[in-house]
Amino acid sequence: MGRLRPPLRPLRALAGRELGEFIVADSKQDSPEVAVVGSANVDLVVPVPRHPVGGETILGGDVVRHPGGKGANQAVAAARAGGVRTTFIGALGRDASGDLIAGSLRAAGVDVSLVDRVDTPTGTALIAVSPTGENTIIVAPGANRHVGIGRAQARRIAAAAVLLAQLEVPLEVIRQAVEARAADTLVVLNAAPSQDLPKWLWGALDVLVVNEHEAADLAGTGGAPAVLAEALLRRVPAVVVTLGGEGSLVATREGGQVMVGAFSVDVVDTTGAGDTYCGVLAAELAKGRDLVEAAQVAAAAGALATTAAGAQEAVPTAADVTGLVSAR
Ligand code: RIB
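Residues numbered from 1 in each chain as written. Predicted model: local features only at pLDDT ≥ 70, side-chain atom pairs only at ≥ 80, totals over all residues. Heavy atoms only, no water.

Caption draft 1: Focus on the site of the ligand. Taken together, the neighbourhood of the ligand is formed by 13 residues, with Asp43, Gly69, Lys70, Glu168 and Asp275 sitting nearest. Between aspartate 43 and the ligand, the recorded distance is 2.6 Å, taken from a side-chain N or O atom to an oxygen atom. Between the ligand and lysine 70, the relevant distance is 2.8 Å, taken from an oxygen atom to a side-chain nitrogen or oxygen of the residue. When the free accessible area of the ligand is taken as 280 Å², the share hidden by the protein chains comes to 96%. Among the elements of the structure, strand E2 (41-47), helix H1 (70-81) and strand E8 (135-140) are those that each provide at least two residues to the shell around the ligand. Along the lines of polarity and charge, the residues of the shell around the ligand split into four nonpolar, five polar and four charged. (Near = heavy atom within 4 Å. Polar contact = N/O pair within 3.5 Å; in protein donor to acceptor, adjacent residues only side chain to side chain. Areas by Shrake-Rupley, 256 points an atom, 1.4 Å probe, with all protein chains shown as cover. Helix = DSSP H or I, 4+ residues; strand = E, 2+ residues; numbered from the N terminus. Nonpolar A, V, L, I, M, F, W, Y, C, P; charged D, E, K, R; others polar.)

See below:
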């Protein structure tokens, strides 16, 4: 099957091929690896009757601690997708929060041997969740400022089929990670939280994953998702715009745009659903699925992730995802 497919690298060279043919090189599909470089936070989650406005104090419910952080959540999601070796490259404090996150990563089957423990408190996210499951998040980065890309981390990135990163660690860390990639490593960036991207990063990206707000920020314009995707394609070969309950839009330079439908579920907490989407997308790409197929599996996983509280605890298993996809 793999031999029938064109090699992925470089994706830019594939401009002009059909959208469904954006896949990783055959050589890395045999024992696929995903390297996730990013943040790890302890999430302090408070249910609120509604989100407060500026200057307002409201009373919420009891606070609950969950393992979180966009990077760690995405690593857990990639590992739970199955069929890939997932390594998390990040930094944790030498504290109970660090232990909580390391335990959660290990339980999901993520390789944490390249996670540094540093003398700065583990990153902390203050999260309010409304009755409709919508959240607001404030992150105190802490140890995430000290993620290091040393020789061992660089070797693992080079061996990976997919390097997956987000923007909760310093851009310098992402620059070092990107420089460590091999010619056939696919670079996937979830540009969250949104910020301007330097030219070198745009030039290194194969796939950009953003929600509608992030897409508008990066495109520097408003408009429908299709318009935003078109604008972003001037800078990156492939874009996935996630649209929550509306599904996701997969767009490539010359392959056109495809809407991937959402799955209907009862939403409890949306925290980490986007991370689940990204982690599963990366795992499915690493296994050799094309971008549209990967987005379909990721959409099912992301939907299931909203049906339980917390980020990492809510990441579904591959069996649950398959069940939802086949029940459609
Ligand atoms: O995307 C959700 C995550 O954002 C939370 O787990 C929180 O830690 C922040 O990083």
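Now that the structure has been shown, we can carry on.
Caption draft 2: How the structure looks around the environment of glutamine 257. Mapped onto the elements of the fold, glutamine 257 is located in strand E14 (residues 256-260). At 3.2 Å, the side chain of glutamine 257 and the backbone oxygen of alanine 226 are in polar contact. Separated by 3.0 Å, the side chains of glutamine 257 and glutamate 230 make a polar contact.

Caption draft 3: The arrangement of the side chain of asparagine 190 in detail. Counting through the fold element by element, asparagine 190 comes out in strand E10 (residues 186-190). When its relative accessible area of 7% is taken as the criterion, asparagine 190 is described as buried. With residues near it in sequence (within four places) discarded, asparagine 190 still touches Gln74, Ala165, Gln166, Leu167, Val209, Glu214, Asp275 and Cys278. (Buried < 20%, exposed > 50% of the residue type's maximum accessible area, 1.4 Å probe, protein only. Contact = heavy atoms within 4.5 Å.)

Caption draft 4: View of the layout of surface pockets. A volume near 190 Å³ is recorded for the second largest pocket. For the second largest pocket, the lining is made up of 13 residues, of which Val46, Val48, Ile127, Ala128 and Thr136 are closest to its centre. (1 Å grid on protein atoms, 1.4 Å probe; cavity = no way out; pocket = protein on both sides within 12 Å on 5 of 7 lines; lining within 4 Å. Points joined across faces, edges and corners; volume = space filled by probe spheres on them.)

Caption draft 5: Geometry of the pattern of salt bridges. In total, this model carries nine salt bridges according to the counting rule given. The salt bridge partner of arginine 94 is aspartate 119, with a shortest N-O separation of 2.7 Å. Pair noted here: arginine 94 is in the loop between strand E5 (91-93) and helix H2 (96-107) and aspartate 119 is in the loop between strand E6 (116-118) and strand E7 (123-129), with a separation of 25 residues, a long-range link. In this structure, arginine 117 engages aspartate 99 in a salt bridge whose closest nitrogen and oxygen atoms are separated by 2.7 Å. Taken as a pair, arginine 117 in strand E6 and aspartate 99 in helix H2 lie far apart in primary sequence, 18 residues in all. Its relative accessible area of 48% is what places aspartate 99 among the partly exposed residues. Linked through salt bridges whose partners overlap, the residues forming this network are Arg85, Asp111 and Arg156. (Salt bridge = Lys/Arg side-chain N within 4 Å of Asp/Glu carboxyl O.)

Caption draft 6: Geometry of the sheet that holds E8. The sheet built from four strands is open, its strands ordered E3-E2-E7-E8 with mixed pairing. The sheet is open, and its two borders are formed by strand E3 (64-68) and E8, each paired with just one other strand. The average angle at which neighbouring strand axes cross in this sheet is 25°, direction not considered. In terms of strand pairing, E2 meets E3 through five bridges, oriented antiparallel. Looking at E3, one finds that leucine 44 is bridged to arginine 65. (Pairing = 2+ DSSP bridges. Axes fitted to C-alpha atoms, helices over the stretch in contact; angles between N-to-C directions.)

Don't take any of this as a statement about function, it's just geometry.
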